[in-house]
Amino acid sequence: MRVGDELPELTIPVTRTLIVSGAIASRDYQDVHHDAAAAQEKGSPDIFMNILTTNGLVGRYITDHFGSGAILRKVAIRLGAPNYPGDTMVLSGSVAQVEGDTATVKVVGANGTGKHVTGTVTVTVPGGARGEARGGPPGRPRGEAPGRTSAGGAA
């Protein structure tokens, strides 16, 4: 873990299922996250991802990279361009600061419209100052969920 280290990108297909299930899982029942007609009535072209789902995906991005022992200390994000069904969000990050076994990582998640999320994550990686960042849980390629080749659920 060194200042300037780049995290590998994580590509997340933004599906209707991901948006709706993320809203349900976070108990965000706002109609703009599950009802296309209601979202359109409110000026949106379609349903869109909520901030809690985005926050979870950013956290997953960090822990997939640094390993299951990583402890998220602070996640500070700001939303920009919405994530709509059919978009693809690409998360990228770089280590901005390291103090002992704690790092601050700058994170950006962009889609075809622009930056969906920007922010920083403070993460403690026990033993991280002594070694290289890990590529995720053992037994699967970096950025892949179990049994899938990318994140996001069914289309």
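To keep things clear, this report deals only with the structure shown in the data block. Worth saying up front: this structure is predicted, and the values here are computed from it rather than measured. (Residues numbered from 1 in each chain as written. Predicted model: local features only at pLDDT ≥ 70, side-chain atom pairs only at ≥ 80, totals over all residues. Heavy atoms only, no water.)

### Side note on the nonpolar core
- By size, the foremost hydrophobic cluster in this structure holds 25 residues, and its most contacted members are I62, F66, L91, V105, V107 and V123.
- Of all the secondary structure elements, the ones that give two or more residues to this core are β1 (6-13), α1 (16-25), α3 (51-66), β3 (88-99), β4 (102-110) and β5 (115-124).
- The dominant element in this core, judged by the number of residues it contributes, is α3, at 5 residues. (Core = buried A, V, L, I, M, F, W, Y, C linked by side-chain atoms within 4.5 Å. Buried < 20%, exposed > 50% of the residue type's maximum accessible area, 1.4 Å probe, protein only. Helix = DSSP H or I, 4+ residues; strand = E, 2+ residues; numbered from the N terminus.)

### So, α1
- What α1 keeps buried is the set L18, I19, G22 and A23. Here the buried residues of α1 occupy an arc of 125 degrees about the axis, which is enough to place them on one side. In this structure, α1 carries I24 and A25 as exposed residues pointing more than 90 degrees from its buried face.
- At its buried positions, α1 is contacted by β1 and α3.
- Once α1 finishes, R27 follows within two positions and takes phi at roughly 60 degrees, a positive value. (Arc of directions from axis to C-beta. Contact = heavy atoms within 4.5 Å.)

### Topic: the side chain of T104
- If you trace the backbone, T104 turns up in strand β4.
- Ignoring any residue separated from it by four or fewer positions in sequence, one finds T104 in contact with S94, V95, A96, Q97, T120, V121 and T122.

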